[in-house]
Amino acid sequence: MDATRQPEQRPGDGDGDRYGVLLYYKYAEVPDAGALAAFYEEHCRGLSLVGRVRVGPDGVNATLGGRMAALEKHIAEMSSNALFDGTDFKLASCEDPVDEKVARECGFTSLSVRVVKVLVPPSRRMELVTLCSNPTSAPPEISSAGKHLPAAEFHSVLQNVAGTSSDAVAPVEKNEVVVVDARNVYETRIGKFNVPNVETLDPEIRQYSDLPSWIDEHTEKLRGKSILMYCTGGIRCEMASAYIRSKGEGFENVFQLYGGIQRYLEKFPDGGYFEGKNFVFDHRISVGSLKENILGACLLCGSSYDDYSSRCRCSHCRMLVLVCPTCQDSSKEYVCELCQKNGKEHCQTSTKQDCEIQIGLSEPSGFEKTSISDHSVTSKVPWSNDTEHLKKLRILCLHGFRQNASNFKGRTSALAKKLKHIAELVFIDAPHELSFVYQPIQGHCSDKPSLPSATSKRKFAWLIAPNSSFNTEQDWKAADAPFDPLQYQEQTEGFEKSYAYLEKTISQMGSFDGILGFSQGAAMAALFCRQQQKTCGAPRFKFGMFCSGYPAPVGDFDGEPIKLPSFHCFGNGEGHDRQIANKASTELAGLFQQDRCSVLEHDMGHIIPTRLPYIDQIRSFLSSFL
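Residues numbered from 1 in each chain as written. Predicted model: local features only at pLDDT ≥ 70, side-chain atom pairs only at ≥ 80, totals over all residues. Heavy atoms only, no water.

Undergrad: Tell me about the overall build of the protein chain, and name the residues and values.
TA: Looking only at helices and strands, the protein chain features 17 helices and 25 strands. As displayed, the protein chain offers around 27,200 Å² of accessible surface, 48% of which is attributable to carbon and sulfur atoms. (Helix = DSSP H or I, 4+ residues; strand = E, 2+ residues; numbered from the N terminus. Areas by Shrake-Rupley, 256 points an atom, 1.4 Å probe, with all protein chains shown as cover.)

And the structure:
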């Protein structure tokens, strides 16, 4: 850091009981990230603080909420650690969280402390904020970041180039100035810098990791310029400015607003050159200046609107969109401006299944034959007495290994019945058909074991073992070995085919609110969401449910958490689930964004439980998305 900064305004006597929000980050070498994370866990819980803390070998990124007195104690404690010398602790007093849905989504109902792990190879380390989604690309050196300009100096530069001041700022005046917004498009739509005679570039990206590609495509617009960057609190500019400067000659003059928009608005409460509101990633949602002008507009009707508290999202990419109260309708699908530019249209309202479904749900071990019923779908559209469309959550369900859609539907019938007022479960077969195998009865007296007598149904898988063969004649064959509960670790092929199959299926069947996977289906659902995030910016679902799942031994999750509200349901210890160990399911849950992750551990084995109190927890999770 260039200078030590403490909160510019400290609460006076009697304000200790008021609520506040604290944001800070520090890039520095952390000798023992695990120990520091453990300290955060104990210290923050002792102060009843909530929010998110990320600790890695390169530093710390924290967003915390709690009573002002507690936050001040936290600042004092961290300031006593030499690691945080020069840290800008941004503390703001505000109202307690009143919107539980927003508070929960922003991670302000619990404390999440996570260690950002070192990846392989060692030279590739995970950033505190992920600039590049390509795991083979090393992040830029943070020591090469652009020069920090405090709010007053940043403002002076803008005054100078706008022609409203005769003062000159030496490092910037020599070249043409361009201002770059390092934030996402939904943030820029409600607030941005607007300076006369100065070009401001808005990359219009969905997520921060898309910024390098935009920089690569606009190098000629940036070459030879004095580049002024800004973001919410400063951390994104650190990596982004370093990335620009790494391009070498012609990209040396890069500057960043120190402390971000937040510090600028504190220095210039009338807004200065900043118009609209500053989007923040906590329960406040946005913070404005004394101007109180509205920059945003409703996606549907175009009226002035800048409130994201309804948390309306694009049905394709799940990005936040602005929809005014008049246009909000739970039965409507919203398509963000970026998806519209890419030719995506509003999804047609899909017909609803009449899911009178039944449980069971113990996945076949892989060899025994199970009794199943024919898969059939009866469709109808439910209507209320006043003819308004009643929308249920539409959930795509992925069965386990050596199951099929009909089998899975029958085994989840009790679950579907208990969720019938809020959810519609849609079942599909996996694309990899499996040969018929059976487990011979030990000690059978016949020289040739008898085959299962009942009519067989086809079985499928999302992932298969290398060199797996499929017998087109569908003859039964005896298993080569007894059932191996660790067989899933060998199922490493077939993801590309399954991913393409799911993409095509979803495009044909219409949009889904969520995805539910069981056992191997849960592993595949997680892989699908991860790949969606890498290729499309975000998973296409509002939520995911992962039951008795495990991290598939396919590819790499790149260290970046899957940014999807998730519900994980699995056995609570060794022996309760003989097929997927508790440790494996816990590991899968750890791959998701922790402040949006719910875990239900039960003692029911390899099933999805439907008795109390488990079903109430499932209903509670789903109800938050209605």
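There's plenty left to go through after this.
Undergrad: An account of the sheet that holds strand β11 (residues 254-257) is needed here, citing residue identities and associated values.
TA: Taken in spatial order, the 5 strands line up as β6-β11-β10-β7-β9 in an open sheet, and their pairing is parallel. This sheet does not close on itself; its edge strands, each paired only once, are β6 (147-149) and β9 (199-201). The sheet shows a mean angle of 30° between the axes of neighbouring strands, direction not considered. Two strands pair when backbone bridges link them, and strand β10 (residues 226-230) and β11 are joined in this way by 3 bridges, in the parallel orientation. Bridging across to β11, L228 finds its partner in F255. (Pairing = 2+ DSSP bridges. Axes fitted to C-alpha atoms, helices over the stretch in contact; angles between N-to-C directions.)

Undergrad: Mind laying out the environment of A430, listing which residues take part and the relevant values?
TA: By secondary structure assignment, the location of A430 is in the loop between β17 (423-428) and β18 (432-434). A relative accessible area of 4% means that A430 is categorised as buried. For the pair A430 and F460, spaced 30 residues apart in the sequence, the C-alpha separation amounts to 5.4 Å. If we skip the residues at most four places from it in the chain, A430 touches H399, F460, A461, W462 and Y501. (Buried < 20%, exposed > 50% of the residue type's maximum accessible area, 1.4 Å probe, protein only. Contact = heavy atoms within 4.5 Å.)

Undergrad: With reference to specific residues and values, describe the pairing of strand β7 (residues 177-181).
TA: For β7, the buried fraction is high: 5 of the 5 residues fall into the buried class. Of the two faces of β7, the one holding V177, V179 and D181 and the one holding V178 and V180 are both buried throughout. Across 3 bridges, the pairing between β7 and β9 is parallel. Within β9, the position partnered with V178 by the bridge is E199.

Undergrad: If you had to explain the sheet that holds strand β25 (residues 597-602) to someone new, which residues and values would you point to?
TA: In spatial order, the strands read β17-β16-β22-β23-β24-β25; together these 6 strands make up an open sheet with parallel pairing. A strand with exactly one partner marks an edge of an open sheet, and here the two such strands are β17 and β25. Strand-to-strand, the axes of this sheet are offset by a mean angle of 20°, without reference to chain direction. Here strand β16 (residues 393-398) runs beside β17; their pairing, made up of 6 bridges, is parallel. In the strand pairing of β17, L396 is matched with V426. Relative to the sheet, helix α14 (residues 495-509) contacts β16 and β17, its axis offset from that of β17 by approximately 130°.

Undergrad: So what's going on with the nonpolar core? Which residues, and what values?
TA: Counting residues in each nonpolar core, the largest one holds 33 residues, and the members touching the most others are L396, L398, L502, F541 and F546. Mapped by element, the contributors of at least two residues to this core are β16, β17, α14, α15 (520-536) and α16 (582-589). Examining the composition of this core, we find that 8 residues originate from one element, α15, more than from any other. Leave out the neighbours within four places in its chain, and F541 touches R318, I506, F512, D513, G514, I515, F528, C529 and L564. Core analysis: the second largest hydrophobic core is formed by 32 residues, C298, M319, V321 and C336 among them. (Core = buried A, V, L, I, M, F, W, Y, C linked by side-chain atoms within 4.5 Å.)

Undergrad: Provide a residue-level description of the side chain of K225, including the pertinent values.
TA: One can find K225 in the loop between α8 (219-222) and β10. Of the side chains with opposite charge, E176 comes closest to the buried, unpaired K225, at an N-O distance of 4.1 Å. (Lys, Arg positive; Asp, Glu negative; His and termini not counted. Salt bridge = Lys/Arg side-chain N within 4 Å of Asp/Glu carboxyl O.)

Undergrad: Any details on the packing of α14 against α15? Residues and values, ideally.
TA: One can describe the packing of α14 onto α15 by two numbers: an axis separation of 11 Å at closest approach and a directional angle of 75°. Our classification of the angle between α14 and α15 gives roughly perpendicular. Here α14 contributes F495, S498, Y499, L502, E503 and I506 to the contact with α15, which in turn contributes M524, L527, F528, R530, Q531, Q532 and T535. A per-class count over the contact of α14 with α15 returns 7 nonpolar, 4 polar and 2 charged. (Parallel < 35°, antiparallel > 145°, perpendicular 65-115°, else oblique. Nonpolar A, V, L, I, M, F, W, Y, C, P; charged D, E, K, R; others polar.)

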